[in-house]
Amino acid sequence: MLPKSFPHLKISKRGNVPPFFVMEVMRAAAEREAAGLEVLHMEVGQPSTGAPKGVLEAAHRMLDADVLGYTGALGIPALRAAIAGWYRDRYGIDVPERRVVVTTGSSGAFQLGFLAAFDPGDRVAMASPSYPAYRHTLTAIGVEPVELPTGPEHRFQPTIELLEQLDPPIQGLIVASPANPTGTMLSREELTALAAWCDAKGVRLVSDEIYHGLTYGPEAVTAAEVSESALVVNSFSKYFSMTGWRLGWMIVPDDLIRSVECLAQNLFISAPSLSQAAAVAAFSCTEELDGHVARYARNRELLLRELPKAGFDKLAPADGAFYIYADVTEMTDDSEAFCKRILAETGIACTPGVDFDPARGLRFVRFSFAGAEETIAEAARRLIAWKR
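Residues numbered from 1 in each chain as written. Predicted model: local features only at pLDDT ≥ 70, side-chain atom pairs only at ≥ 80, totals over all residues. Heavy atoms only, no water.

With that out of the way, let us pick up the packing of aromatic side chains. Remark: the centre distance and the inter-plane angle together describe each pair of aromatic rings, the angle taken between the planes. Inspection of every chain in the model, using the stated rule, returns 27 aromatic pairs. Plain terms: the ring middles of Y211 and Y323 are 5.6 Å apart, the flat faces sit at 80° to each other, and that makes the pair edge-to-face. Taken together, the residues span a long stretch of sequence, with Y211 in the loop between β6 (204–208) and β7 (231–235) and Y323 in strand β9 (residues 323–327) at a distance of 112 residues. Judged by its relative accessible area of 3%, Y211 is buried. (Phe/Tyr/Trp six-rings, centres within 6.5 Å; stacked < 30°, edge-to-face > 60°. Helix = DSSP H or I, 4+ residues; strand = E, 2+ residues; numbered from the N terminus. Buried < 20%, exposed > 50% of the residue type's maximum accessible area, 1.4 Å probe, protein only.)

Structural data, given as structure tokens:
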């Protein structure tokens, strides 16, 4: 049956945003699996592991003993205190609990943060390539995303030189370190300089830190260390391996707390109460979680060694996160068709770069190495055989 059309009714332009293409790849992979064919999943940025044992045990206790009602819009006190403690233990800084806001995933944090910080017509800059939901969420609320074309010479990160070239000026800057899809990171000096530039120019800094904990060299630096006015976003989905629990948080500057609270009350009421209560235990599960990071490190090392044998020899540094971003210019000028061909001929699902860079993404492919070691090793073998 064809979908119905209602031409006499208005449809908001806010919903006219591009799809998140990785979801389209996931759908194609699921269709292949439904047909009884094997798929090696390297398309989605999701740990192949579940929540840590301590979180599951806490959730079972809650299910047996609690009615799971609404919580305050800013999050339960125990979790806000645990997050503040995480910043004290991990980064050596004191973050007041009043500035901690628990959200429905980092997606909820970006919605609340963007709505609180920016007005329709404002301009917010970000590196290109970058996480597509930045652009799409900003567009949906009437804010103009301003993409900074970056490459290996910039380590795929925004620079003050690129920002100084913008005209008209911007009201916001989004940084991500480690970044999706490239895995590149900002040094302490670079992040400090960007924060100082934003402060001097009256630009709100938004720092996406959801891949903190997933680094393969220097530790990531939080913007909360170098700026009191930055919006800092993090999540339980990546390092903490809790994607489906839909839980994240923000460190909110004092001038935005009340606005964020009122928006959260009206848009979300609260993050899921079961997830919040169980997540308190996550901060005591670092031994288990660091074991996952060690596996990612082995997967990363394998791909950096093996992918060039398959012709993927122009790779972003992948200092953190769990992605390899590959320049495939010498293989194709259409990464969408290229990824479909790889799936059809090898069973490997990977993501075309158009998700992350609409202008140049047809020349790039992203591989996720969040899966099991045997999956990543088999994918590398198949790619090498496929290119011969």
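Where helix α10 (residues 286–306) contacts helix α12 (residues 373–387), the two axes come as close as 10 Å, and the packing angle between them is 5°. On the basis of their axis angle, the class for α10 and α12 is roughly parallel. Note on element contacts: α12 touches α10 through E373, I376, A377, A380 and I384, opposite R295, R298, N299, L302, L303 and E306. The class makeup of the residues in the contact of α10 with α12 is six nonpolar, one polar and four charged. (Axes fitted to C-alpha atoms, helices over the stretch in contact; angles between N-to-C directions. Parallel < 35°, antiparallel > 145°, perpendicular 65-115°, else oblique. Contact = heavy atoms within 4.5 Å. Nonpolar A, V, L, I, M, F, W, Y, C, P; charged D, E, K, R; others polar.)

Here S128 and P129 are connected by a cis peptide whose omega angle stands at 15°. With respect to the secondary-structure elements, P129 resides in the loop between β3 (123–128) and α5 (132–140). Of note, R155 is a non-glycine position whose phi angle comes to about 55°, a positive value. Its relative accessible area of 33% is what places R155 among the partly exposed residues. Within the chain, S241 stands out as a residue other than glycine whose phi angle is a positive 60°.

Next up on the list: α10. In this model α10 runs 30 Å from its N-terminal to its C-terminal C-alpha over 21 residues, within 8% of the 30 Å that 1.5 Å per residue would give. Those residues of α10 that are buried are in contact with β9 and α12. (Expected span 1.5 Å × (residues − 1).)

A few words on the nonpolar core. Counting residues in each nonpolar core, the largest one holds 115 residues, and the members touching the most others are F236, F240 and F367. Ignoring anything within four residues of it in the chain, the contact list for F236 reads L79, S241, M242, L247, G248, W249, A279, A282 and F283. Ranked by size, the runner-up nonpolar core spans six residues in total, among them F21, V25, L343 and A349. (Core = buried A, V, L, I, M, F, W, Y, C linked by side-chain atoms within 4.5 Å.)

A word on the pairing of β9. For β9, the tally of buried residues reaches five of five residues, placing the bulk of the element in the interior. Pairing analysis gives five bridges linking β9 to strand β12 (residues 364–368), with the strands arranged antiparallel. Paired with I324 across the two strands is F367, which belongs to β12. (Pairing = 2+ DSSP bridges.)

Here the focus is the sheet that holds strand β5 (residues 172–176). The seven strands are arranged β2-β8-β7-β6-β5-β3-β4 in an open sheet whose pairing can be described as mixed. Whereas interior strands pair on both sides, the edge strands pair on one side only; in this sheet they are β2 (100–103) and β4 (144–149). Taken over all neighbouring pairs, the strand axes of this sheet differ in orientation by 25° on average, direction set aside. Its contacts with the sheet place helix α7 (residues 188–201) against β5 and β6, and it is angled at close to 170° to β5.

Strand order in the open sheet formed by three strands is β9-β12-β11, with antiparallel pairing between adjacent strands. Two strands close off the open sheet at either side, each with one partner strand: β9 and β11 (351–352). Looking at chain direction, β11 and β12 are connected through two bridges and run antiparallel. Looking across to β12, one finds that T351 is bridged to R366.

A cluster of like negative charges, contributed by E219, E287, E288 and D290, occupies part of the molecular surface. Given a relative accessible area of 39%, D290 falls into the partly exposed group. (Patch = residues over 30% accessible without salt bridge, like charges linked within 9 Å, V, L, I, M, F, W, Y side chains within 5 Å. Areas by Shrake-Rupley, 256 points an atom, 1.4 Å probe, with all protein chains shown as cover. Salt bridge = Lys/Arg side-chain N within 4 Å of Asp/Glu carboxyl O. Lys, Arg positive; Asp, Glu negative; His and termini not counted. Charge placed at Lys NZ, Arg CZ, Asp CG, Glu CD.)

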